[in-house]
Amino acid sequence: MTITTRTVEYPADGLGMIGHLALPAGDERRPAVLVGPEGTGLSDVERRRADALAELGYVALAFDLHGGRYLDDPEEMLARCMPLLADPDRMRDIGHAALGVLRAEPRADLDRVAAIGYGTGGAIALELGRDGVDLRAIGTVNALTTGRPGEATRIRCPVWAGVGSEDPIMPPAQREAFAAEMRDAGVDWRCVVYGGALHAFHHPTVDHTTRPGVGYHPRHAQRAWRDIVGLLDECLPLPVAVRSGRPAE
């Protein structure tokens, strides 16, 4: 399927963000999906995933975290992301700014919007839900973050979460805390634990230094992508005639 892509610039968190918008063929409105990146920032991995979603028939925006920068130095990434992850209001501001760009796209069906994300981008997707945003689905990988007490009751859609069984950044205690938050809030939620996978198992191997406990797992990466697409297919179904997409890496 022929798709159209373009760079979009917008302000958020005191920075000039640079996102990647992917549009399916045609001119009719389609369900829309926010795609949030890992803490290192927007890369070709998330751009390709937005493109794959557009090939399936969705309007997709891969949003930015760091003002157009990709933070390949783990210490710089942590210095930026740890304060961000500790501040739900900042995460929500970044998410709302990206959501505003997506909603301004004439091809986007404003009544059918989902948010998916990886790591920090997944935490932002969850915070949009905790802020009461009208989303049809939230899907996250490596983002079993918990929010402020009681705010998960504002989540109005199904939540799917994926995590590696050997992820030291999201250990069993974190999984239990996330499960308890979702359960206590009455959220329709699922968590898939991928056996033998580390943190960022979905992300192809990079050529720069990474934190310990990070590693690519090609088979589980494909499974997690299929699970996310399945979530979207359940919550934001497309006409069969427009479904012709390819797998993302």
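This section reports on the structure supplied with the text.

Analysis parameters
Residues numbered from 1 in each chain as written. Predicted model: local features only at pLDDT ≥ 70, side-chain atom pairs only at ≥ 80, totals over all residues. Heavy atoms only, no water. Helix = DSSP H or I, 4+ residues; strand = E, 2+ residues; numbered from the N terminus. Buried < 20%, exposed > 50% of the residue type's maximum accessible area, 1.4 Å probe, protein only. Contact = heavy atoms within 4.5 Å. Areas by Shrake-Rupley, 256 points an atom, 1.4 Å probe, with all protein chains shown as cover. Lys, Arg positive; Asp, Glu negative; His and termini not counted. Charge placed at Lys NZ, Arg CZ, Asp CG, Glu CD. Phe/Tyr/Trp six-rings, centres within 6.5 Å; stacked < 30°, edge-to-face > 60°. Lys NZ or Arg CZ within 6 Å of the ring centre and 35° of its normal. Pairing = 2+ DSSP bridges. Expected span 1.5 Å × (residues − 1). Arc of directions from axis to C-beta. Axes fitted to C-alpha atoms, helices over the stretch in contact; angles between N-to-C directions.

Moving on, we get to the overall build of the protein. Of regular secondary structure, the protein possesses 6 helices and 8 strands. Its helices and strands in sequence order give the protein the pattern β-β-β-α-β-α-α-β-α-β-β-α-β-α, from N to C terminus. The principal-axis extent of the C-alpha atoms belonging to the protein is close to 45 × 40 × 40 Å. The buried share of the protein, taken over its 249 residues, is 56%. Relative to all contacts within the protein whose residues are 6 or more apart in sequence, the contacts with residues 24 or more apart total 69%. Carbon and sulfur atoms make up 50% of the accessible area of the protein, which amounts to about 10,100 Å² in all. Side chains of the protein give 27 positive and 35 negative charges; the mean places of these two sets differ by 4 Å.

It is worth spelling out the packing of aromatic side chains at this point. Centre distance and the angle of the planes are the two values used to describe a pair of aromatic rings. Under the counting rule described, the total for this entry stands at 2 aromatic pairs. Considering the side-chain rings of Phe178 and Trp189, the 6.4 Å spacing of their centres and the 90° angle between planes classify their relative orientation as edge-to-face. Within this pair, whereas Phe178 is found in helix α5 (residues 172-185), its partner Trp189 is found in strand β8 (residues 189-194), the two being separated by 11 residues in sequence. Judged by its relative accessible area of 26%, Trp189 is partly exposed. Relative to Phe201, the ring of Tyr194 lies with its centre 5.1 Å away and its plane at 45°, an arrangement referred to as tilted. For the pair shown, Tyr194 and Phe201 are each scored as buried. One cation-aromatic arrangement involves Arg49 over Tyr118; the distance from NZ or CZ to the ring centre is 4.5 Å.

We now examine the pairing of strand β2 (residues 15-23). Sheet topology places strand β1 (residues 4-12) next to β2; 9 bridges connect them, and they run antiparallel. Note that in β2 the partner of Thr4 across the bridge is Leu23. The pairing of β2 with strand β4 (residues 59-62) spans 3 bridges and is classified as antiparallel. Paired with His20 across the strands is Ala62, a residue of β4.

The next thing to look at is α5. When the terminal C-alpha atoms of α5 are compared, their 20 Å separation across 14 residues agrees well with the 20 Å that a helix rising 1.5 Å per residue should span. Considered for burial, the residues of α5 that qualify are Arg175, Phe178, Ala179, Glu181, Met182 and Ala185. The buried residues of α5 occupy one face: seen down the axis, they fall within an arc of 160°. Opposite its buried face, α5 presents the exposed residues Ala173, Glu176, Arg183 and Asp184, each directed more than 90 degrees away.

Below, the discussion takes up the sheet that holds β2. With mixed pairing, the 8 strands of this open sheet are ordered in space as β1-β2-β4-β3-β5-β6-β7-β8. Across the chains shown, the open sheet's two edge strands, defined by having one partner strand only, are β1 and β8. Pairs of neighbouring strands in the sheet enclose a mean axial angle of 20°, with direction left out of account. On top of the sheet, helix α1 (residues 44-56) reaches β1, β2, β3 (30-36), β4 and β5 (108-118); it is set at about 35° to β2, its chief contact.

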